[in-house]
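Close look at the chain arrangement
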Amino acid sequence: MRRDPIRAAHTDGDTLARFPGVDVLITGDYFRSVSYPNIDRANGGTLNGMLDGLGRTIRLAGPNTKSIPGHGPTVDRAGVTAHRDMLLAVCDRVAQLVKQAKTAQEVIAAKPTADYDSRIEQPAQTSERFIKPTLR
């Protein structure tokens with residue numbers, strides 16, 4: 001097993017555990033296959049750290065690699081990639097709303113996660129928790 005620190009993703013203490021002999025990656029809470037990302041800013045989490053951690057996971061994953069998230073079912077490389085792409089898409093939407101001088105409440109009311117909500121457990125709760133850190 002190899003451990004790689006993932007700096008400032010979910011928190012400032014995330015770790016990626018690699019098991020090359022069995023082609024498995026364990027991500028902990030910086031990747032959740034059933035919810036929006038949880039960037040815990042109070043404990044050192046950042047959007048860029050989250051993107052870096054997901055990017056590293058994708059780069060290390062081969063076509064048959066299983067990624068075990070902190071929450072949710074095991075996925076393959078495509079599942080982690082889809083999660084990262086969703087994060088980028090929502091961030092782009094939020095950035096456009098911020099450029100329009102929308103308030104945080106107006107950004108949340110615009111529902112920039114709407115087309116992903118059906119794939120997420122508890123979308124109303126986790127959507128707002130996900131969007132707020134991207135506003136800073």
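Now for a quick tour of the structure.

What counts, and where the lines are drawn
- Residues numbered from 1 in each chain as written.
- Predicted model: local features only at pLDDT ≥ 70, side-chain atom pairs only at ≥ 80, totals over all residues.
- Heavy atoms only, no water.
- Pairing = 2+ DSSP bridges.
- Helix = DSSP H or I, 4+ residues; strand = E, 2+ residues; numbered from the N terminus.
- Axes fitted to C-alpha atoms, helices over the stretch in contact; angles between N-to-C directions.
- Contact = heavy atoms within 4.5 Å.
- Buried < 20%, exposed > 50% of the residue type's maximum accessible area, 1.4 Å probe, protein only.

1. Section: the sheet that holds strand S1 (residues 2–6)
Taking strand neighbours across the sheet as the criterion, the four strands line up as S1-S2-S3-S4 in an open arrangement whose pairing is mixed. Each end of this open sheet is capped by a strand with a single partner; those strands are S1 and strand S4 (66–71). Put simply, the sheet's adjacent strands are angled 25° from each other on average, direction ignored. Judged from the five bridges that link them, strand S3 (residues 24–32) and S4 form a sheet pairing that is parallel. Residue Val 24 lies in a different strand from S4, and its bridge partner there is Lys 66. Here helix H1 (residues 47–60) sits on the sheet in contact with S1, strand S2 (14–19), S3 and S4, set at roughly 160° to S3.

2. Things to note about the pairing of S3
Sheet topology note: the S2/S3 ladder contains three bridges and is antiparallel. Pairing of Ala 17 across the sheet is with Ile 26, part of S3. Following S2, the chain reverses through four residues before pairing antiparallel with S3; Asp 23 in that reversal takes a positive phi of roughly 60°.

3. What about the environment of Met 50?
Mapped onto the secondary structure, Met 50 falls in helix H1. Given the relative accessible area of 0%, Met 50 is considered buried. Between the C-alpha atom of Met 50 and that of Ala 9, which follows or precedes it by 41 residues, the distance is 3.9 Å. Not counting residues within four places of it along the chain, the set of residues in contact with Met 50 comprises Ala 8, Ala 9, His 10, Tyr 30, Pro 37, Asn 38, Ile 39 and Leu 87.

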